[in-house]
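If you want the building blocks of each chain, they are given just below.
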Amino acid sequence: MNERIRNTTVIAVGNQKGGVGKTTNTIQIAGALAERGRRSLIIDLDMTSGATKALRAPTEGWISSFELLTGAENAEDTIITNDEPEVPLPPNIHLVPSSRKLAELDTFLAQNPWLIHQDLLIEPMNRLRGRYDYIFLDTPPQKTKTTIPALKVADYAVLSAMPDHLAVSALAEALSDIAAAQRHANAQLSLLGVILCAVPRPKTRLARELVAYVERTCVDADGQSLKFATEISRSVAVQEAQKAGQTLMQHQGDHPVADEYRALAKEFEERLNARRESLATTGEVAHA
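Definitions and limits used
- Residues numbered from 1 in each chain as written.
- Predicted model: local features only at pLDDT ≥ 70, side-chain atom pairs only at ≥ 80, totals over all residues.
- Heavy atoms only, no water.
- Axes fitted to C-alpha atoms, helices over the stretch in contact; angles between N-to-C directions.
- Helix = DSSP H or I, 4+ residues; strand = E, 2+ residues; numbered from the N terminus.
- Parallel < 35°, antiparallel > 145°, perpendicular 65-115°, else oblique.
- Left-handed = near helix turned anticlockwise from the far one by under 90°.
- Contact = heavy atoms within 4.5 Å.
- Core = buried A, V, L, I, M, F, W, Y, C linked by side-chain atoms within 4.5 Å.
- Buried < 20%, exposed > 50% of the residue type's maximum accessible area, 1.4 Å probe, protein only.
- Phe/Tyr/Trp six-rings, centres within 6.5 Å; stacked < 30°, edge-to-face > 60°.
- Pairing = 2+ DSSP bridges.
- Salt bridge = Lys/Arg side-chain N within 4 Å of Asp/Glu carboxyl O.

*Asks:* An account of the packing of helix 7 (residues 167–184) against helix 8 (residues 205–217) is needed here, citing residue identities and associated values.
*Replies:* In the contact formed by helix 7 and helix 8, the axes pass within 11 Å of each other and the chain directions differ by 20°. Here helix 7 is positioned roughly parallel relative to helix 8, judged by the angle of their axes. For the element pair helix 7 and helix 8, the recorded crossing hand is right-handed. For the pair formed by helix 7 and helix 8, the contact residues are A167, V168, L171, A172 and L175 on the first element and L210, Y213, V214 and T217 on the second.

*Asks:* Go over the nonpolar core with me, naming the residues and quoting the values.
*Replies:* Membership of the largest hydrophobic core comes to 45 residues, with the highest contact counts inside it found for I43, L121, M125, L128, I135 and L137. In terms of residue count, helix 7 provides more of this core than any other element does, 5 residues in total. Those residues in contact with I135 that lie beyond four places of it in its chain are T8, T9, V10, I11, L41, I43, M125 and L128. Residues A32, F228, I232 and F268 belong to the second largest nonpolar core, which totals 39 residues.

*Asks:* Let's hear about the packing of aromatic side chains: which residues, and what values?
*Replies:* Scanning the model with the defined rule gives 4 aromatic pairs in all. The interplanar angle of 75° and the centroid separation of 6.4 Å between the aromatic rings of F66 and F108 together place this pair among those described as edge-to-face. Pair noted here: F66 is in helix 3 (residues 65–70) and F108 is in helix 4 (residues 105–111), with a separation of 42 residues, a long-range link. On the accessibility criterion, F66 (11% relative accessible area) is buried. Measuring from centroid to centroid gives 6.2 Å for F136 and F268, while their planes differ by 35°, and the two rings are tilted.

*Asks:* Lay out the side chain of Q242 with the relevant residues and their values.
*Replies:* The topology assignment puts Q242 in helix 9 (residues 237–243). What makes Q242 buried here is its relative accessible area of 17%. The contact partners of Q242, leaving out residues within four places of it in the chain, are T24, Q28, A54 and R56.

*Asks:* Outline the pairing of strand 4 (residues 134–138), supporting the account with residue identities and numerical values.
*Replies:* Within strand 4, 5 of the 5 residues are buried, leaving the element largely enclosed by the surrounding structure. When strand 1 (residues 9–14) meets strand 4, the two strands line up parallel, connected through 5 bridges. Residue T9 lies in a different strand from strand 4, and its bridge partner there is Y134. Bridge analysis of strand 2 (residues 40–44) against strand 4 gives 5 bridges, and the strand direction is parallel. For I42, the partnering residue across the bridge sits in strand 4 and is F136.

*Asks:* Help me get a handle on the pattern of salt bridges, residues and values and all.
*Replies:* Overall, the coordinates contain 18 salt bridges when judged by the stated rule. Linking R100 and E60 is a salt bridge whose minimum nitrogen-to-oxygen distance equals 2.9 Å. With R100 in the loop between strand 3 (93–96) and helix 4 and E60 in the loop between helix 2 (50–54) and helix 3, this pair connects stretches of sequence that are 40 residues apart. Of the residues examined, R100 reaches a relative accessible area of 61% and is grouped as exposed. For E76, the salt bridge goes to R127, with nearest N and O atoms at 2.6 Å. On the criterion of sequence distance, the pair formed by E76 in the loop between helix 3 and strand 3 and R127 in helix 5 (residues 122–128) is long-range, its members being 51 residues apart. Given the relative accessible area of 23%, E76 is considered partly exposed. Given a relative accessible area of 31%, R127 falls into the partly exposed group.

Structure representation (C-alpha cells):
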C-alpha cells in the first residue's frame, strides 16, 4: 500500500428507505473517482451486506465491519485490499465487508455497558484517516446501531433517492437524522448533496415531483439546492456490472450511465473543493 498521507474525507451514504440506489451509487462513484486517481475505502455497515455482495466479497469467514466496530481487530486489519487474490476488487477500491455478525451488535453493547454506542467508529476512523482519499460509510436503510456512529464520524452525508412513492418521506427522515446528528453529536457534519438515480427518460410525473421536492427542501444555508445536477438514468447495465463484481466503468466503460457517474464524480469533487475553500475563507476549521 502506498503510504503517502492523504487528505481523507469521510462520507456517510444513506437514506431511510432501502432499494434507492445507496449502495450502487457508493460503488459507482468510488469507481469513477478511481479513474481520477483517487483511492477509496468502502465500509459496509449494513447487515444485508449489499456492498459486500455487489463487490463479490465473502460475507462469512472473513474479518468484517463487526470486528471493526467492536474493536476486536485493528481497523486496518479488517480491510480487503487490491492485493487479495481471492477477492478481485476494482482498482483503487478497498472494502471492509459486512457480515451477519452485525446482528450481534446489540448483544455486544449490552455486555459492554461502559462503551458509548455512538463512538464506536471514532477510533477506527482515527486509524484510517490519511490512508485514503475517501472513506464511504455505506449505512443501512433503517436507523440501526451502525447509522448513528457513522453520522458521528462523517465529514459529510450524501443521500440517495429514486422516483418512488415512499422516497419523499424516507428522504425527510434522513434529513431529520442528519439535523439531529449535527445538534447532538457532530456539529461539523453537513449534507454534501442528494443523488437522484434510476431516473426514467423521459421523466415521469413522479420523477419530476421528486426533483421538485429535493430542490425545494434540500438546500444549504444560502438557499441553494443541494441536489447534484448530474442525474443517473435508469439502466440494467449497472445491475449487469454488479453481477460481474465490477464497476460500470470496468464492465462497460463506454455506456452513457458510466459517463453520468464520471460527471457525478467530477461534480462531487468540485463541490467538496468549494466547501473547503469557503471554510478556509471564513477562517473555520475545514473538514479533514
